[in-house]
Amino acid sequence: MLEFLNRYVTGVLVPLMLIPSGIFFAVKLNFFWFRHPAAVLRPLLSGKPRTPGGISPRRALCLALAGTLGVGNIVGVSAAINLGGPGAIFWMWISAVAASALKYAETVLALRHRRTVDGKSEGGTPYYIKDILSSRGLPRAGAAAAAAFAALCLVNSLSMGCVVQVNAVAGALEGVLGISRLIIGAAVAVLAAAVCTGGLSRISSFTARLVPLMSLGFFVMSAAVLILRAADLPIVIRLVVTDAFDFGSSGGILGGISGFLLSRSLRYGTMRGLITNEAGAGTSPLAHSSSDVSSPAEQGFLGIVEVIVDTVILCAMTAAVILVSYDKVFVWGDNSVMMTISSYSAVLGTWSNYAVCIAVLMFGAATVICQSYYGLECLAYLTPHADRRLTRLCFVPVFSACALAGAIISPGSVWGVADLSMGLMTVINVTVLLLGNREVTEETRAYFGEKKRIHGE
């Protein structure tokens with residue numbers, strides 16, 4: 001049943017919504033990130049919050065990146081290649097480029113619709129889903145859609161955000177270092193409990209230190225492989241593009257269209273791309289809405305940076321590393337972690353096994369911590385009258401148990417649950433983003449209009 005839904009419902013519907021909607025927003029916003037790259041990157045220099053106790057825009061970005069820069073960059077890429085062929089990487093990249101506009105839009109709306117409760121900001125996708133549908137005269141539909149999104153996001157935090165991440169970490173450390181999966185699961189469970197019980201301040205502090213370090217280290221190691229195998233890159237690019245457009249030659253136009261929509265490379269490329277950057281899925285607005293920033297547009301710029309760093313750069317590099325040695329590593333098949341690890345060691349030598357293990361551990365830990373925050377926020381939304389401390393005390397043991405289980409069970413069925421929950425979240429979120437497109441356009445025009453007035457342009 002899960003396979004049917006993921007193949008014929010979310011597997012077709014998500015690409016049909018995600019890519020055209022991203023293009024719609026990109027055109028409507030005049031591709032401003034290409035025309036004003038300096039403006040997009042400027043918020044990265046904002047290292048301090050405006051108010052004491054606030055979260056800076058850059059720290060909010062690190063929190064969001066922690067949620068997307070998970071083992072999906074390592075496991076998701078190799079799984080996409082194994083299941084959808086090399087062409088899946090093309091569609092992963094295309095969906096990311098298109099969806100970067102959606103990441104901007106959802107971040108802007110999250111900040112426009114956040115609330116201040118007891119001096120603290122509360123915001124994220126459920127809030128603007130409820131507000132936008134209510135403003136269209138559909139208050140009951142808004143409340144139901146927001147609750148459904150929060151419930152799906154909670155499921156996603158426990159499945160993709162916890163079980164899958166910990167399983168990948170356990171697989172890497174057991175395969176290379178021989179450490180017991182049970183010990184790894186217990187260690188991650190304790191870490192998650194220790195960090196997420198400290199709330200947003202402790203979580204954001206943890207990710208702000210970890211994300212830049214792990215991103216830079218992984219980038220350098222991937223660049224080293226690609227430099228050493230630079231002669232093979234043209235062959236890899238040709239293979240990816242050719243496979244991406246191999247929809248089958250029979251059946252005329254209708255056969256070509258159905259082949260496109262049911263293409264394994266399109267399906268797995270788009271869905272694994274969505275899992276790596278979550279653009280359009282509506283998860284990272286929970287992180288970005290915590291930013292103490294003066295303009296929603298400025299935090300939206302960092303949403304674009306998030307997608308570029310995650311998928312356009314790091315996932316593309318991981319894919320290229322795998323494909324330049326694919327003749328040696330395809331034998332790992334479903335063991336996505338070892339496929340990726342072997343791709344690096346095939347070029348750099350056995351020492352890289354340990355380096356990639358450390359990378360998997362850091363990526364996995366960062367995502368687990370961030371997803372615990374997402375789960376907590378969604379549970380708090382679903383139980384608005386409950387005490388926050390009581391909510392946390394109930395959630396943390398469940399999340400820790402999922403971390404322990406993730407280390408010792410097969411994540412096959414969990415991937416199906418994660419794909420379905422992520423797909424349904426995307427359908428709900430993108431629909432509401434399209435309804436709120438005028439707000440996004442107004443906020444963008446107001447920002448750039450104000451900047452031009454100040455600088456006399």
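Reading guide: rules and limits
Residues numbered from 1 in each chain as written. Predicted model: local features only at pLDDT ≥ 70, side-chain atom pairs only at ≥ 80, totals over all residues. Heavy atoms only, no water. Helix = DSSP H or I, 4+ residues; strand = E, 2+ residues; numbered from the N terminus. Buried < 20%, exposed > 50% of the residue type's maximum accessible area, 1.4 Å probe, protein only. Contact = heavy atoms within 4.5 Å. Expected span 1.5 Å × (residues − 1). Bend = angle between axes of the 7 residues up to and from the residue. Core = buried A, V, L, I, M, F, W, Y, C linked by side-chain atoms within 4.5 Å. Salt bridge = Lys/Arg side-chain N within 4 Å of Asp/Glu carboxyl O. Polar contact = N/O pair within 3.5 Å; in protein donor to acceptor, adjacent residues only side chain to side chain. Axes fitted to C-alpha atoms, helices over the stretch in contact; angles between N-to-C directions. Left-handed = near helix turned anticlockwise from the far one by under 90°. Nonpolar A, V, L, I, M, F, W, Y, C, P; charged D, E, K, R; others polar. pLDDT = per-residue confidence, 0-100. Parallel < 35°, antiparallel > 145°, perpendicular 65-115°, else oblique. Patch = residues over 30% accessible without salt bridge, like charges linked within 9 Å, V, L, I, M, F, W, Y side chains within 5 Å. Areas by Shrake-Rupley, 256 points an atom, 1.4 Å probe, with all protein chains shown as cover.

1. Observations concerning the environment of Ile 19
Within the element layout of this structure, Ile 19 appears in helix α1 (residues 2–28). According to the relative accessible area criterion, Ile 19 is buried, its value standing at 14%. Excluding residues within four positions of it along the chain, Ile 19 makes contact with Trp 91, Ile 94, Ser 95 and Ala 98.

2. Regarding helix α6 (residues 87–112)
Its 26 residues give α6 an end-to-end C-alpha distance of 38 Å, which sits within 8% of 38 Å, the value for a rise of 1.5 Å per residue. Its axis deflected by about 35° at Ala 99, α6 carries its strongest bend there.

3. What to know about the nonpolar core
Looking at soluble globular proteins, one finds that nonpolar side chains tend to be buried together. Within the largest apolar cluster, 136 residues are counted, with the highest numbers of intra-cluster contacts made by Phe 32 and Tyr 104. Ignoring sequence-local partners within four residues, the contact set of Phe 32 consists of Val 40, Tyr 104, Phe 301, Ile 304, Thr 444 and Phe 448.

4. Some details on the pattern of salt bridges
Evaluated as defined, the whole model comprises seven salt bridges. Between Asp 327 and Lys 328 there is a salt bridge, and its shortest N-O distance comes to 3.8 Å. Judged by its relative accessible area of 54%, Asp 327 falls in the exposed class. Linked by salt bridges that have partners in common, Arg 112, Glu 439 and Glu 443 make up one network.

5. Brief notes about the side chain of Ser 291
Here Ser 291 lies in the loop between α14 (285–288) and α15 (296–324). In this structure the side chain of Ser 291 is engaged in a polar contact, spanning 2.7 Å, whose partner is the side chain of Gln 299. Every residue in contact with Ser 291, bar those within four places of it in the chain, is listed here: Ile 55, Ser 56, Pro 57, Ala 60, Arg 114 and Gln 299.

6. Some thoughts on the side chain of Gln 371
You can see Gln 371 is positioned in helix α18 (residues 351–382). Gln 371 gets classed as buried once you look at its relative accessible area, which sits at 1%.

7. Topic: the packing of helix α17 (residues 336–348) against α18
Relative orientation of the contacting elements α17 and α18 amounts to 145°, with a least axis distance of 8 Å. Every pair of crossing elements has a handedness; the one defined by α17 and α18 is right-handed. Between α17 and α18, the residues in contact are Ile 341, Tyr 344, Ser 345 and Leu 348 and Trp 351, Ser 352, Asn 353, Val 356 and Cys 357, respectively. In terms of residue class, the contact of α17 with α18 is made up of six nonpolar, three polar and no charged.

8. Let's talk about the confidence of the model for the protein
Taken over all residues, the pLDDT of the protein has a mean of 80, while the share at 70 or more is 84%. Within the model, the stretch residues 249–263 combines pLDDT values under 50 with 14 contacts to residues more than four positions away or in other chains. Segment residues 452–457 is flagged for pLDDT under 50; beyond a separation of four residues in sequence, or across chains, it makes one contact in the model.

9. Things to note about the packing of helix α8 (residues 139–177) against helix α9 (residues 181–196)
Look at α8 against α9: their axes get within 9 Å of each other, and the N-to-C directions meet at 135°. One finds that α8 runs oblique with respect to α9. Handedness of the crossing formed by α8 with α9: right-handed. Packed against α8, whose contacting residues are Val 166, Asn 167, Val 169, Ala 170, Gly 171, Leu 173 and Glu 174, the element α9 presents Arg 181, Ile 184, Gly 185 and Val 188 at the interface. Considering only residue class, the contact of α8 with α9 consists of six nonpolar, three polar and two charged.

10. Some remarks on a nonpolar patch on the surface
On the surface, a nonpolar cluster with roughly 420 Å² of combined accessible area is contributed by Leu 216, Phe 219, Val 220, Ile 308 and Ile 313. Contributions of two or more residues to the nonpolar patch are made by α10 (199–228) and α15. Position of Phe 219 relative to the elements: it lies in helix α10. Exposure remark for Phe 219: the relative accessible area of 36% places this residue in the partly exposed category.

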